[in-house]
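Working through the structure, step by step
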Amino acid sequence: MYFIKRLMKKAIKIQNSLLFISSILLVLISSILVVHIENETFSTYFDGFWWVMTTVTTVGYGDLYPSSIGGRLIAIFLYIFGIGLIGVVIGKVVDGLAIFRKKREEGDIMYKEQGHYIIIGWSQKAKFAIKEMLDTNTEIDIVIIDQLEKAPMLSENIHYIKGNASEIAVLEKANIIEAKAVLVFADDRIQDDQLSDGKTLLIASAIESIAPNVHTIVEVIEENHIKNFEYMKVDEFIISNETISSLFVRSAFRKGISSVYNQLLRRSHGDDLYHIPSSPEWKTYRDAFEALLKQGATLIADKNNLSINRMLDEQLPKDAELYVICDQETYKQLLARLG
């Protein structure tokens, strides 16, 4: 027994690749040998493989068993060494899965996929953003970057990277170069607006230094800081305080207007704002406007230009980015027709 214990302890220290190869060879060689030695009992190699597997995993159905001395010697060998070796392999697999899960929870695994969305800075706003993103498209992958001890949210398509997002190594760990877009939320834990925007600016500069082609959206607390972000060539800005204050004021002057904004910003109910592809049949904005109106959608913008109704007879450019207001069913029908 002492010899077997020492052997098992040494097996645990063996490299995983060598251990797995040894286990596979043990099973295959034993399966072949038992078929050649006990051909009357084990008529096919699959029968031999079945018996070896039930033996080393200690299931032992008893439907097949060796009767000759040679076959029984193979069985004794499997009892002594095979069961222990397979037990070590199973233990390694279980430990590997446990380590992988622990590293995933702690944000210590590099993300290698492409076309994902990165959210920097965990907060209640980030949580709502993830919900809205998944409501829009359930198949997207999202990577959260923060310095929390454990992942604030995990699922099959939600991943976590722990670290300071202003460090290049952390951004590379999230594979930011292959990301589709990056959303940088202001740090709610910083009370000073200048310090909060300063941290966001530092993160934005790190992003632009290694991934200038990735679409970057940042939350800015004070509007007068935007010129600093423009210098960093950040793509879009969400002015946090101004947006909330403006919505409050508009609601105060016109009751119910906040419901209109909420409906356009959320996918949960009613009509919504959607981007649609342009059709080669549309030569002018009027062509697009009338064709979409017949299908139940209202064309309201090309990129950030909201004056569509005053430019109906102008040529529709090839790089137009058209936005419509409609319900989800109409949007699906439009996509099907426009390809």
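Below is a short write-up of the structure. Please read these numbers as outputs of a predicted model, since none were measured by experiment. (Residues numbered from 1 in each chain as written. Predicted model: local features only at pLDDT ≥ 70, side-chain atom pairs only at ≥ 80, totals over all residues. Heavy atoms only, no water.)

**Examining a nonpolar patch on the surface**
Together, I21, L25, I29, L33 and I37 give the surface a local cluster of nonpolar side chains, amounting to about 440 Å² of exposed area. Here I37 is to be found in helix α2 (residues 16-37). A residue is classified by how much of its surface remains accessible, and I37, at 42% relative accessible area, is partly exposed. (Patch = residues over 30% accessible without salt bridge, like charges linked within 9 Å, V, L, I, M, F, W, Y side chains within 5 Å. Areas by Shrake-Rupley, 256 points an atom, 1.4 Å probe, with all protein chains shown as cover. Salt bridge = Lys/Arg side-chain N within 4 Å of Asp/Glu carboxyl O. Helix = DSSP H or I, 4+ residues; strand = E, 2+ residues; numbered from the N terminus. Buried < 20%, exposed > 50% of the residue type's maximum accessible area, 1.4 Å probe, protein only.)

**Remarks on the packing of aromatic side chains**
Counted by the stated rule, this structure contains three aromatic pairs. Relative to W51, the ring of F42 lies with its centre 5.5 Å away and its plane at 55°, an arrangement referred to as tilted. Of the residues examined, F42 reaches a relative accessible area of 0% and is grouped as buried. Taking relative accessible area as the criterion, W51 reaches 4% and is therefore assigned buried. Seen from their ring centres, F229 and F237 are 6.3 Å apart, and the 70° between their planes marks the pair as edge-to-face. F229 sits in the buried class, given a relative accessible area of 1%. (Phe/Tyr/Trp six-rings, centres within 6.5 Å; stacked < 30°, edge-to-face > 60°.)

**What to know about unusual backbone geometry**
For N175, which is not glycine, the phi dihedral falls at a positive 55°. Inspection of the secondary structure puts N175 in the loop between α6 (168-173) and β4 (181-184). Assessed through its relative accessible area of 16%, N175 is described here as buried. Despite not being glycine, K303 shows a phi value in the positive range, around 55°. As for its position among the elements, K303 is in the loop between β8 (298-302) and β9 (322-326).

**A closer look at the sheet that holds strand β6 (residues 236-239)**
Through backbone hydrogen bonds, the strands of a sheet pair up, either in parallel or in antiparallel fashion. Strand order across the open sheet formed by six strands is β3-β2-β1-β4-β5-β6, with parallel pairing between neighbours. The strands lining the two open edges of the sheet, one partner per strand, are β3 (158-162) and β6. Strand-to-strand twist of the sheet, defined as the mean angle between neighbouring strand axes without regard to direction, takes the value 20°. Here strand β2 (residues 142-146) runs beside β3; their pairing, made up of five bridges, is parallel. Opposite I145, over in β3, you have I161 as the bridge partner. Relative to strand β1 (residues 117-120), helix α5 (residues 124-136) is tilted by about 165°, and along the sheet it contacts β1, β2, β3 and β5 (215-220). (Pairing = 2+ DSSP bridges. Axes fitted to C-alpha atoms, helices over the stretch in contact; angles between N-to-C directions. Contact = heavy atoms within 4.5 Å.)

**Some thoughts on helix α7 (residues 193-210)**
For α7, spanning 18 residues, the distance from its first C-alpha to its last is 26 Å, which sits close to the expected 26 Å at 1.5 Å a residue. Taken as a whole, α7 has its buried residues at S196, D197, T200, I203, A204, A206, I207 and E208. With a side-chain oxygen lying 2.8 Å from the backbone nitrogen of Q194, the N-terminal cap of α7 falls on D192. (Expected span 1.5 Å × (residues − 1). Polar contact = N/O pair within 3.5 Å; in protein donor to acceptor, adjacent residues only side chain to side chain.)

So, to be careful, I would describe these as geometric facts and stop short of saying anything about function.
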